[in-house]
Amino acid sequence: MDSNIKLFNSVPYLEEMMLMDSEASTVAISIIKYLKNKRYKVENILDIPCGLGRLSVEMAKFGYNVTGIDISEQFLSIAKLRSSDSDIKGKLYFAKADMYNDDLKEIIGKSPDLILNWWTSIGYKNQSDDVKFFRKLHDLSHNGTIFMLETWHRNYILSHPISKTWKQLKSGFVLIEYNISSFNTVVESKRKYYKSSNDVFKYEGEFTTRVLLYDLSDLARMLIDAGWEIVDIMNSIEHPEPFNPNSNGLVIISKFI
């Protein structure tokens, strides 16, 4: 099994991802504000990959019909629990699928008005695979579909290198050691998980994964090759100001043509 998929289906990683729950509401509100300011008409949303359903649930709370796709059964089980709220239950649909290899048209069944790919959710394979993924999204879209992509910006990562960091988890902590290749900007992350009990830490295991990072010119070319028209670029949807390459984030908004 792919090392990334092993990580996505691990219990410690689930704890780590739940630390970011508080971000989802702010992101969703910012997306909706942007859509309204641009007068984009959106009813049906595709959140891919949807992970724990954080963004899917928040968007459904505002009345949108949301389909969430993810490869992790563990993530989807949490997402489905979060969608059990009676006020949004009919607005959400979650399905297990490999965004790179499965037939998304067959799974989704309807053309989305908005596609969300958030929190650096590309780069798991190689550049040609990501271009094919962008084409698949284009193929299932219609005139007026908006594609919003958020990811780390390669130039920032190279100019602000980090070797290691750690995060406190509910059951212990995770130490993350980074190895960043300046040649092809592959970020290799080794996650070492430790469980705490009575002030004693026990090593639980580790995962090593890789993610390929892109800069603005890479992604612009890839999206255009896949048939998308780029209409906006910024560092974050929460603060939609002109793009600054010295900032960490990158949000690219494209439109079906």
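Residues numbered from 1 in each chain as written. Predicted model: local features only at pLDDT ≥ 70, side-chain atom pairs only at ≥ 80, totals over all residues. Heavy atoms only, no water.

**Description of the side chain of Asn117**
- Looking at the element boundaries, Asn117 is found in strand E4 (residues 114-117).
- We classify Asn117 as buried; its relative accessible area is 0%.
- The residues contacting Asn117, other than those within four sequence positions of it, are Ile48, Pro49, Ile122, Phe133, Phe147, Met148, Leu149 and Glu150. (Helix = DSSP H or I, 4+ residues; strand = E, 2+ residues; numbered from the N terminus. Buried < 20%, exposed > 50% of the residue type's maximum accessible area, 1.4 Å probe, protein only. Contact = heavy atoms within 4.5 Å.)

**Let's talk about the sheet that holds strand E5 (residues 146-152)**
- The strand order across the open sheet built from seven strands is E3-E2-E1-E4-E5-E11-E10, with neighbouring strands paired in mixed fashion. In this open sheet, the two strands that pair with only one neighbour each are strand E3 (92-96) and strand E10 (228-234). Taken pair by pair, the neighbouring strands of this sheet meet at an average axis angle of 20°, ignoring direction.
- Where E10 meets strand E11 (residues 249-256), six bridges bridge the pair, whose relative direction is antiparallel. Residue Ile233 lies in a different strand from E11, and its bridge partner there is Ile252. (Pairing = 2+ DSSP bridges. Axes fitted to C-alpha atoms, helices over the stretch in contact; angles between N-to-C directions.)

**Concerning empty space enclosed by the protein**
- Within the structure shown, the criterion is met by one cavity of 30 Å³ or more.
- The volume enclosed by the largest cavity comes to roughly 40 Å³.
- Counting residues per element, the lining of the largest cavity draws most heavily on strand E1 (residues 44-47), which supplies three residues. (1 Å grid on protein atoms, 1.4 Å probe; cavity = no way out; pocket = protein on both sides within 12 Å on 5 of 7 lines; lining within 4 Å. Points joined across faces, edges and corners; volume = space filled by probe spheres on them.)

**Observations concerning the nonpolar core**
- If you look at the biggest cluster of nonpolar residues, it comprises 47 residues, and the most contacted ones within it are Ile48, Phe134, Leu137, Leu219 and Trp228.
- Among the elements that take part in this core, helix H7 (residues 127-139) stands out by supplying four residues, more than any other.
- Once residues within four sequence positions are removed from consideration, Trp228 is found in contact with Ile115, Phe134, Leu137, His138, Ser141, Thr145, Phe147, Leu223, Ser254, Lys255, Phe256 and Ile257.
- Counting residues in each nonpolar core, the second largest holds 29 residues, with Ile32, Val42, Ala79 and Trp118 among its members. (Core = buried A, V, L, I, M, F, W, Y, C linked by side-chain atoms within 4.5 Å.)

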